[in-house]
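Listed below, chain by chain, are the residues.
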Amino acid sequence: MPNTNANTSNSNHIDTVKRSCPTCEASCGLVLEVDRDENRVLSIKGNPDDPRSKGYVCAKSQAFNYVYEDPDRLRAPVKKTKDGWQEISWEEALSLAGKGLRGIREQYGKDSLAIYYGEPNGHNAGTNLYTQMLMETINTERFFAPANLDQLPQEVALHLLIGDGWHYPVPDIDRTDLFICMGGNPVVSQGSLMGAPDVKSRLKSLNKNGGYSVVIDPRRTETAQACDQHLFITPGTDAYFLLAFLHEVFAQGWQKLGHLSEHIDGLDDLRELAANYSPELVADITGISPEDLRGLVKRYCSTEKALIYSRIGLCTQKFGTLASWLVYVVNIVTGHFDREGCMMFSRPASGQFEPTDEVTPLLRGRFHARSTGFPEVRGLLPASHLGKELAYQGDEEGNDRIRGMLTLAGNPVISVPNGKLIREGLQNVDFYVAIDIYINETTSQADVILPPIHQLEHTNYDLLWSTFSSTNFAAFSPQVLKPDPNGLQQWEIMLQLLGEMLGTPWQVLDDFMADGMASQVAAGLQKNYPDISTEEIKTAMGEERRYERYLDIMLRAGPYGDKFGRETGIDLQQIIDAGGIMTFGPLKPQMPEFLRTENKRIRLVHDCFLEDIPRLNQGLAEGLYAKGKFLLIGRRQIRDMNSWLHNIHAYIKGKNRCTLLMHPEDAQQVGVSCGKQVTIKSRMGEVVAEVTVSDEMMRGVVSLPHGWGHIYSDSQQALATGRYPGSSCNDLVDDDQLDIPSGTSIVNGVEVELSALA
Ligand SMILES: Nc1nc2c(c(=O)[nH]1)N[C@H]1C(S)=C(S)[C@@H](COP(=O)(O)OP(=O)(O)OC[C@H]3O[C@@H](n4cnc5c(=O)[nH]c(N)nc54)[C@H](O)[C@@H]3O)O[C@H]1N2
Ligand SMILES: Nc1nc2c(c(=O)[nH]1)N[C@H]1C(S)=C(S)[C@@H](COP(=O)(O)OP(=O)(O)OC[C@H]3O[C@@H](n4cnc5c(=O)[nH]c(N)nc54)[C@H](O)[C@@H]3O)O[C@H]1N2
Ligand code: SF4
Ligand SMILES: [Mo]
């Protein structure tokens, strides 16, 4: 354990607090021992009574307390001065930040401000609830987020298939007999868009019950090692594999639409498309033999409870949208979608996915990146183009440049391709505000940094993670430690910053949000309860300015809610009274009722996908990659969380982990061995890394983890920069190469040259 109670006198008041872990999607249940007198956490253990995680935790269960205690974490706002960073009061900080951004917006227009909205925001319910207001108020076309390095291809595919790009299907992992995983490594990542803590044990019990598991990945990953079968696949070629998979399904007549048969269009179009890709045709490009492919199709089509799950290895590659779409359609046309033991849907207590007849189009191309002309997709410009967009000089008078920047919990200088250009760009904007808890490689360029209080100091609810979980659950985390009396939660910072920006009291903005939420909730319920009024909801919500009041009305209106006294059901207090967590039974089929498409139909084939087929065919005809190059992919490791846990001693001690993993024969060819240094060169530049040799890599494919490259001395994370700074693989990723339908970065399958460093 990281903390002992050796320094605590016996008379101190020690409490036990239960909450969920805020560090990754798994949201494991924790039991914390807290010294009330010293206001500190003494120990963190898994909660054996948590119905989802059952006591399981990983090494990062301690992470949030380490971050809380990290002396480098910001506890007060800071502004940059000639003499370095200077702590300032909240009043000064919010006024400075708000007026700075406001001045730019007034002088140069709303699109002169850019926003980068990073991953840790997803772990904070208050932030989530106020995000829409932030986006709508600032309303810039220059909005960037790691979705473009993550799940955006899945969002695009899902929106077109089922009408809602957020309503992700998840593997019903505990009830399946065949688990096929493509481009995900849940044993290490702890499962993404999966919502199942302790994937390794779940795979073990699948095996024990006669099930079978397969991983398709250019690396024999930790997940592959826990599964029955592993197939190496050349990076970026999953779409070919999946088309050939469909080809074989149709050739054998194994398509089966089941309960969806009356609701599906386009089966013939799909069959026609797949007819062009025989297992023989794609074997060379994918590296998977026709026998292996046919064997897998047979096993899959003859297993009732089977599923194909895919994650970011299928998104952040050359054909991210096609591959993600094809995974869904393979599940759909073989009867493995929305059924027990297959890919299924959560029904979150907060009610985001309740049935509606409202249909919204996929938002795409309403505006474009000024620098590259690339179209917006679901409100986002490609993160890979953030550097170019910052470097863009505008027209002759300099109009239309980015003049101001706001980042929230992000580190794009490391997490996004061509981070060097992003850093330069940030140095050149007129004013940059960061809402962040660290001075990292990105926020070090800010003029003012506004640090929210820490997760231990406020409550939380797993708002996002419960929308794609393999168990329907609601988890509310109490405040663990007394907060800094001057501190603000992130939602409060966002709201007060907006107030300053608009010159409107933030209370007015909050009232506006309250009215909007109340009328939205009332409208949703009025179909079944015509007597419900906005006023009633507003009264129920109360006037106390807490994010919890919004959460409470969502839960009350949600599928398990009490509908404001009209049904027997939950409210927030009931979840708290139940010890912070409630579950609502296993996942249930939802289709067609929950579809948000025209006439509740699933159209399998859309122009958005077909338009990318010529690019796919060109790859098949001409070869996807230049001859003689190595293909670089990424790798997640258990003690990392993207770029931000490298300042914690427990997570960086031991050997250097930012190493280039390569096959022994490739190492021999390059003339390197374990521990030797190698130069990795791409069109974008070169970095040096230490070599680790292992036959877990496919030949010709090499792997470097992301999130490293703590090489800038102005970042104030002493350990991260001091010990193993590592190299940033995003300095190698080509910022011009994108998955065309979604604008997602291609971080897997980057062409590189290697040479031994003398
Ligand atoms: N090459 C390559 N690049 C990748 C990926 C990859 O697989 N390969 N993965 C991509 C993916 S999936 C993601 S999600 C992104 C992540 O990329 P980012 O969204 O940029 O996230 P991080 O790099 O983790 O940086 C998060 C920052 O948030 C701050 N932070 C942490 N907790 C809090 C908090 O509670 N409040 C606030 N305000 N700040 C906080 C920390 O200071 C940290 O610097 O990286 C992407 N980049
Ligand atoms: N320890 C740890 N856990 C994390 C994170 C972390 O940084 N560290 N980050 C979190 C975040 S933000 C996210 S989004 C999730 C991501 O969760 P996962 O998607 O599970 O992430 P990865 O471990 O990167 O798995 C991607 C896999 O795709 C493989 N791959 C690469 N290219 C291809 C390809 O072309 N085809 C196929 N079939 N496979 C390919 C890689 O070898 C790798 O095994 O993890 C989360 N959990
Ligand atoms: S798996 Fe994720 S949620 Fe569970 S303890 Fe580890 S970091 Fe926390
Ligand atoms: Mo992510």
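From a predicted model like this one, the values you see are computed outputs, not experimental measurements.

A.B. asks: I'd like a rundown of the overall build of the chain, residues and numbers included.
C.D. replies: The helix and strand inventory of the chain stands at 26 helices and 31 strands. At 25 Å, the chain has a C-alpha radius of gyration in line with the 27 Å of a compact globule built from 758 residues. For the chain, the spread of C-alpha atoms along the three principal axes comes to 70 × 65 × 65 Å. Across the 758 residues that make up the chain, the buried fraction comes to 62%. Within the chain, residue pairs in contact and separated by at least 24 positions form 74% of the contacts whose partners lie at least 6 positions apart. If you sum the accessible surface of the chain, you get close to 28,000 Å²; carbon and sulfur atoms cover 47% of it.

A.B. asks: Describe the packing of helix α10 (residues 279-286) against helix α11 (residues 290-301), and please don't skip the residues or the numbers.
C.D. replies: Interaxial distance between α10 and α11 falls to 9 Å at its minimum, and their mutual angle equals 115°. Classified by the angle between their axes, α10 and α11 sit roughly perpendicular to one another. Across the interface between the two elements, P279, E280 and A283 from α10 touch P290, L293 and R294 from α11. Its residues assigned to classes, the contact of α10 with α11 shows 4 nonpolar, no polar and 2 charged.

A.B. asks: Requested: an account of the domain arrangement of the chain, with residues and values cited.
C.D. replies: One can read the domain layout of the chain as domain 1 (78-150 + 386-450), domain 2 (157-352 + 601-610) and domain 3 (625-756). Placing the centre of domain 1 and that of domain 3 at their C-alpha centroids yields a distance of 27 Å. The partner domain 3 presents 27 residues to the 24 residues of domain 1 that form the contact. At the junction of domain 1 with domain 3, the criterion picks out 4 salt bridges. Taking the shortest distance from any N to any O, the salt bridge between K388 and D736 comes out at 2.9 Å.

A.B. asks: With reference to specific residues and values, describe the pairing of strand β13 (residues 306-310).
C.D. replies: A large share of β13 lies buried, amounting to 5 of its 5 residues. Alternating positions in β13 separate into two faces, A306, I308 and S310 on one and L307 and Y309 on the other, with burial throughout.

A.B. asks: Kindly report on the sheet that holds strand β2 (residues 29-35), identifying the contributing residues and their values.
C.D. replies: With antiparallel pairing, 3 strands are arranged side by side in an open sheet as β1-β2-β3. Taken across any chain shown, the strands that pair with only one partner, and hence form the sheet edges, are β1 (14-20) and β3 (40-46). Taken over all neighbouring pairs, the strand axes of this sheet differ in orientation by 25° on average, direction set aside. One ladder, built from 6 bridges, connects β2 with β3; its direction is antiparallel. Within the sheet, the bridge partner assigned to V34 lies in β3 and is V41.

A.B. asks: Which residues make up the site of ligand 1, and what values do they have?
C.D. replies: Lining the immediate surroundings of ligand 1 are 29 residues, of which E119, S415, D436, N440 and S643 lie closest. Considered class by class, the residues forming the shell around ligand 1 number 15 nonpolar, 10 polar and 4 charged. When residues of the shell around ligand 1 are sorted by domain, at least three fall in each of domain 1 (78-150 + 386-450) and domain 3 (625-756).

A.B. asks: Which residues make up the site of ligand 3, and what values go with them?
C.D. replies: Around ligand 3, the neighbouring residues are C21, T23, C24, A26, S27, C28, V57, C58, K60, S61 and Q190. A per-class count over the shell around ligand 3 returns 6 nonpolar, 4 polar and 1 charged.

A.B. asks: Go over the environment of H159 with me, naming the residues and quoting the values.
C.D. replies: Mapped onto the fold, H159 is located in helix α4 (residues 152-162). For H159, a relative accessible area of 9% puts it in the buried group. Remark: the alpha-carbon pair of H159 and D357, spanning 198 residues in sequence, is separated by 15 Å.

A.B. asks: With reference to specific residues and values, describe the side chain of S415.
C.D. replies: Tracing the backbone shows S415 in helix α15 (residues 412-415). Apart from the residues lying within four places of it in its own chain, the contact partners of S415 are Y116, L149, S643 and N730.

Rules of the game
Residues numbered from 1 in each chain as written. Chains lettered and ligands numbered in written order. Predicted model: local features only at pLDDT ≥ 70, side-chain atom pairs only at ≥ 80, totals over all residues. Heavy atoms only, no water. Helix = DSSP H or I, 4+ residues; strand = E, 2+ residues; numbered from the N terminus. Rg over C-alpha atoms; globule rule 2.2 N^0.38 Å. Buried < 20%, exposed > 50% of the residue type's maximum accessible area, 1.4 Å probe, protein only. Contact = heavy atoms within 4.5 Å. Areas by Shrake-Rupley, 256 points an atom, 1.4 Å probe, with all protein chains shown as cover. Axes fitted to C-alpha atoms, helices over the stretch in contact; angles between N-to-C directions. Parallel < 35°, antiparallel > 145°, perpendicular 65-115°, else oblique. Nonpolar A, V, L, I, M, F, W, Y, C, P; charged D, E, K, R; others polar. Domains from an automatic or database assignment. Salt bridge = Lys/Arg side-chain N within 4 Å of Asp/Glu carboxyl O. Pairing = 2+ DSSP bridges. Near = heavy atom within 4 Å.

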